[in-house]
Amino acid sequence: MRTLIAYLSYSGNTEEIAEHIERKLVCEGIEVDMLSIGIDYVPDLSVYDYIFLGTFTWDMGGTPDEVKDFVLEVGYKPNNVAVFGSGDTQFGGDAMFCGAVDKLVKFYESKWDGLKIEQSPRGSQEVLIDNWLEGVLEDVRVTA
């Protein structure tokens, strides 16, 4: 199985989530390609069995322009996208927390709930990543 983890990170929080997911997938024997949105080229997504898309939330619940550009460059809506991201409740409260994750889940009509992490994914939040990823992988195992 081949997967892509594409992410955008300014503070490093979303990148840490992506790296955590990568480590877990590699331990499962899954081939992983990492892509930093806005820096790396956009590959042909049709070669991937599953795509993990990570973003932070910007400007009171918004999706960063680089992520929007990535979505436009892809040019179609793959049906195998699982969305994750970091956010900060101090900017907009719970109503806007990880709003970009919610928007991307809706846009891609993802069959998986989005993973939302408050700032850094360290400590107890690593369990949230593990549980979310286990849910995605469980579905992958069933459909494989």
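Scroll up a little and you will see the structure.
Residues numbered from 1 in each chain as written. Predicted model: local features only at pLDDT ≥ 70, side-chain atom pairs only at ≥ 80, totals over all residues. Heavy atoms only, no water.

Undergrad: Looking at this model, I keep getting lost on the sheet that holds strand S1 (residues 2-7). Mind explaining?
TA: The strands making up a sheet are joined through hydrogen bonds of the backbone, oriented either antiparallel or parallel. The strand order across the open sheet formed by 5 strands is S2-S1-S3-S4-S5, and the pairing between neighbours is parallel. The sheet terminates laterally at strand S2 (31-36) and strand S5 (115-118), the two strands that pair on one side only. Here the strands of the sheet are splayed against their neighbours by 15° on average, with no regard to which way each runs. By the bridge criterion, 4 bridges tie strand S4 (residues 81-87) to S5 in an arrangement that is parallel. For Phe84, the partnering residue across the bridge sits in S5 and is Leu115. (Pairing = 2+ DSSP bridges. Helix = DSSP H or I, 4+ residues; strand = E, 2+ residues; numbered from the N terminus. Axes fitted to C-alpha atoms, helices over the stretch in contact; angles between N-to-C directions.)

Undergrad: What's the story with the side chain of Asn80 in this structure? I'm lost.
TA: Inspection of the secondary structure puts Asn80 in the loop between helix H2 (65-74) and S4. At 3.0 Å, the side chain of Asn80 and the backbone oxygen of Tyr48 are in polar contact. Residues contacting Asn80, with those up to four places away along its chain left out, are Tyr48, Asp49, Tyr50, Ile51 and Trp112. (Polar contact = N/O pair within 3.5 Å; in protein donor to acceptor, adjacent residues only side chain to side chain. Contact = heavy atoms within 4.5 Å.)

Undergrad: Quick question: what am I supposed to make of helix H4 (residues 99-108) here?
TA: It helps to recall that an α-helix has 3.6 residues per turn; residues three or four apart then point in one direction. For H4, every residue scored as buried is listed here: Gly99, Ala100, Val101, Leu104, Val105 and Tyr108. Glu109, located one to two residues past H4, shows a positive phi value of around 50°. (Buried < 20%, exposed > 50% of the residue type's maximum accessible area, 1.4 Å probe, protein only.)

Undergrad: What is the right way to look at the packing of aromatic side chains in this model?
TA: For any pair of aromatic rings, the description rests on two quantities: the centre-to-centre distance and the angle between the ring planes. With the rule as written, the count across this model stands at 5 aromatic pairs. Pairing Tyr10 with Phe56 gives two aromatic rings, centres 4.7 Å apart and planes at 45°, and the pair type is tilted. You can see Tyr10 sitting in the loop between S1 and helix H1 (13-27) and its partner Phe56 sitting in strand S3 (residues 50-56), a full 46 residues away along the chain. Take Phe56: its relative accessible area is 8%, and that puts it in the buried class. Ring centres of Phe107 and Tyr108 lie 5.0 Å apart, and the angle between their planes is 85°; on these two criteria the pair is classed as edge-to-face. An aromatic cluster is built from Phe52, Phe84 and Trp132, whose rings are joined through pairwise contacts. The ring centre of Phe107 lies 4.5 Å from the NZ or CZ of Lys77, which sits over that ring. (Phe/Tyr/Trp six-rings, centres within 6.5 Å; stacked < 30°, edge-to-face > 60°. Lys NZ or Arg CZ within 6 Å of the ring centre and 35° of its normal.)

Undergrad: Would you explain the environment of Leu115 in this entry?
TA: Relative to the elements of secondary structure, Leu115 occurs in strand S5. Classification of Leu115 as buried rests on a relative accessible area of 5%. Put simply, Leu115 and Lys24 are 91 residues apart on the chain and 15 Å apart in space, counted from C-alpha to C-alpha. Other than its neighbours up to four places away in sequence, Leu115 contacts Ile17, Val83, Phe84, Gly85, Val101, Leu128, Ile129 and Trp132.

Undergrad: For this particular structure, what's the right way to read the environment of Glu19?
TA: When you line up the elements, Glu19 lands in helix H1. A sequence separation of 15 residues divides Glu19 from Met34, and the C-alpha atoms of the two residues are 8.7 Å apart.

Undergrad: Looking at this model, I keep getting lost on the pairing of S4. Mind explaining?
TA: Each regular strand carries side chains that alternate between the two faces of the sheet. Counting buried residues in S4 gives 7 out of 7 residues, a clear majority hidden from the surface. Because side chains alternate across S4, one face comprises the buried residues Val81, Val83, Gly85 and Gly87, and the other comprises Ala82, Phe84 and Ser86, equally buried. Here S3 pairs with S4 via 6 bridges, running parallel. Paired with Phe56 across the bridge in S4 is Ser86. One crossover worth recording links S3 to the parallel S4 by way of H2, and it is right-handed. (Right-handed = clockwise from strand over helix to strand, strands pointing away.)

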